[in-house]
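Structure at a glance
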Amino acid sequence: MELFAFSLYISTIICLELLLHRRIFTPLTCLALPYLAMITINNLFIVEYLDFFLVDSESLFMTAYFITLIFLVSYVMKTIFQDGKQKVIKSTHHNMTNCINTFYICVTMLICRYISIYQAISIHGYGDLRGKIGGIFAYLSWLLVPLLPTVIFNDKISKWKRGVLLSATFISFAIAGGKYPFVISLLYLYLYYCQSQNMTLSKLVSHIVILVVLAIFVFFATYLGIFLISSYDTVNLNYDYMAFVLYVAMNNFAVYLFGPLIAQNYFYSAYLGDVSLFFIVPINIITSFGSRDFLVYQAEYTPISSEFAGNVGGIFAEATYIGGVLAATVYIVTIITIIYYIYMISLSNRRFILSRLFLMAILLISFFGNFFMTPGVLMPLILLIMVESSINFVRDNDE
């Protein structure tokens, strides 16, 4: 009954948002749709077949609370701005491609990225490099992904150059081991493609189904391949072993997808009480020029089933865990207000197009965690907004 009420309420909010903006991708829909879909699937099926825990009533209520706040911000921002008619992006028409040669800039940043990866391997060796890649060359590559659509969807650049750049970028993600920047990059490129093609709802749904099936297939194929390669000489590859591998892969897939939603149960009931963590990225950047210790955010692991645990809980629950309900409310409303400002500006006069799409990509996976506290996501976003602001300034002066 609680799940039904939650689903009905969130579905109503989403419908009101669609009527308000008359667009599929808005900040609210990008946040609410994943929460609605994943919580419903978990509580109806994953609990039954994989023995995971339910997303409890407190988590449902708090999720509905924050989504309601976002809708109120959406409504207020809609009444403030005059929303002009959205135009279709042409890949060669984008102001950024007219101002700078982004292909060679992306190639330079990609080289910097590989240098930073090499430096990390030299220090830490091969293996898990997550959180170990830093230094000036890593910082110089921060704008690689935000600028990528201006190259990949630019017909003036040869297909082989675009293909090599895209492949080399994603290979660097595979080496570095960061799955979230990889996913954000894919979503970002896909959102740019959707807008450039003026995607219809039916076509969008068919694409989403295909992408979900493909993502599941790639995950299981990769997991199975790793097991086969690592155990080829030590294990008898019979039917029972293969069934075991598939079972482990299924559970790990479920942990990645549904773990953060279930972990909300802990995050909403616990309290860390350190609001400085909301500003962990700028504080640590300033700290890097001095001798003080860096701020570190590492939540406790909490059970999500009888076998598995997780330590991420989505943007709403983590904000509440860090600062309490009041601080989380102020924090979420502030972030969403900024996002809607960029969203409305982008649609009304075609400014900050890349920033809007990059933000939408971040919001689509924010049920995993708070990526606005992650330097590898937040700093590229800030730099992208700065670049687009500069281009808008140049364009205004030319006019």
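Cut-offs used in this document
Residues numbered from 1 in each chain as written. Predicted model: local features only at pLDDT ≥ 70, side-chain atom pairs only at ≥ 80, totals over all residues. Heavy atoms only, no water. Helix = DSSP H or I, 4+ residues; strand = E, 2+ residues; numbered from the N terminus. Expected span 1.5 Å × (residues − 1). Buried < 20%, exposed > 50% of the residue type's maximum accessible area, 1.4 Å probe, protein only. Phe/Tyr/Trp six-rings, centres within 6.5 Å; stacked < 30°, edge-to-face > 60°. pLDDT = per-residue confidence, 0-100. Contact = heavy atoms within 4.5 Å. Core = buried A, V, L, I, M, F, W, Y, C linked by side-chain atoms within 4.5 Å.

1. A look at the environment of isoleucine 335
Counting through the fold element by element, isoleucine 335 comes out in helix α14 (residues 314-349). Along the backbone, isoleucine 335 and phenylalanine 372 are 37 residues apart, and their C-alpha atoms lie at a distance of 8.9 Å.

2. Looking at helix α10 (residues 179-196)
Since the α-helix advances by 3.6 residues per turn, residues separated by three or four positions end up pointing in the same direction. Taking 1.5 Å as the rise per residue, α10 with 18 residues should run 26 Å; its terminal C-alpha atoms sit 26 Å apart, in good agreement. Along α10, the residues that are buried comprise Ile184, Ser185, Tyr188, Leu189, Tyr190, Leu191, Tyr192, Cys194, Gln195 and Ser196. Looking at the residues trailing α10, positive phi occurs at asparagine 198, about 50°.

3. Focus: the packing of aromatic side chains
One pass over the structure, following the stated rule, counts 21 aromatic pairs. Where tyrosine 35 meets phenylalanine 316, the ring centres are 5.1 Å apart and the plane angle is 15°; that geometry is what we call stacked. Placement of tyrosine 35 in helix α2 (residues 27-50) and of phenylalanine 316 in helix α14 is noted, with a sequence separation of 281 residues between them. The exposure classification of tyrosine 35 matches that of phenylalanine 316, with both residues buried. Ring centres 5.2 Å apart and planes at 20° place the aromatic pair phenylalanine 153 and tyrosine 192 in the stacked group. Taken together, the residues span a long stretch of sequence, with phenylalanine 153 in the loop between α8 (149-152) and α9 (159-176) and tyrosine 192 in helix α10 at a distance of 39 residues. In this structure an aromatic cluster arises from ring pairing among Tyr35, Tyr65, Phe66, Phe316, Phe367 and Phe368.

4. Points about the confidence of the model for the protein chain
Confidence in the prediction of the protein chain, expressed as mean pLDDT, is 84, and 85% of residues score 70 or more. Mean pLDDT in the protein chain bottoms out at helix α4 (residues 95-99), which sits at 52, and peaks at helix α3 (residues 57-80), which reaches 96. Segment residues 83-93 is flagged for pLDDT under 50; beyond a separation of four residues in sequence, or across chains, it makes 36 contacts in the model.

5. Observations concerning the nonpolar core
Counting residues in hydrophobic clusters, the biggest one holds 107 residues, and the most contacted among them are Leu28, Tyr297, Phe316 and Phe372. Among the elements that line this core, the one with the most residues is α14, at 18 residues. Contact partners of phenylalanine 372, with chain neighbours within four places excluded, come to Val281, Ile315, Tyr331, Ile335, Ile339, Leu359, Ile362, Leu363, Leu378 and Leu381.

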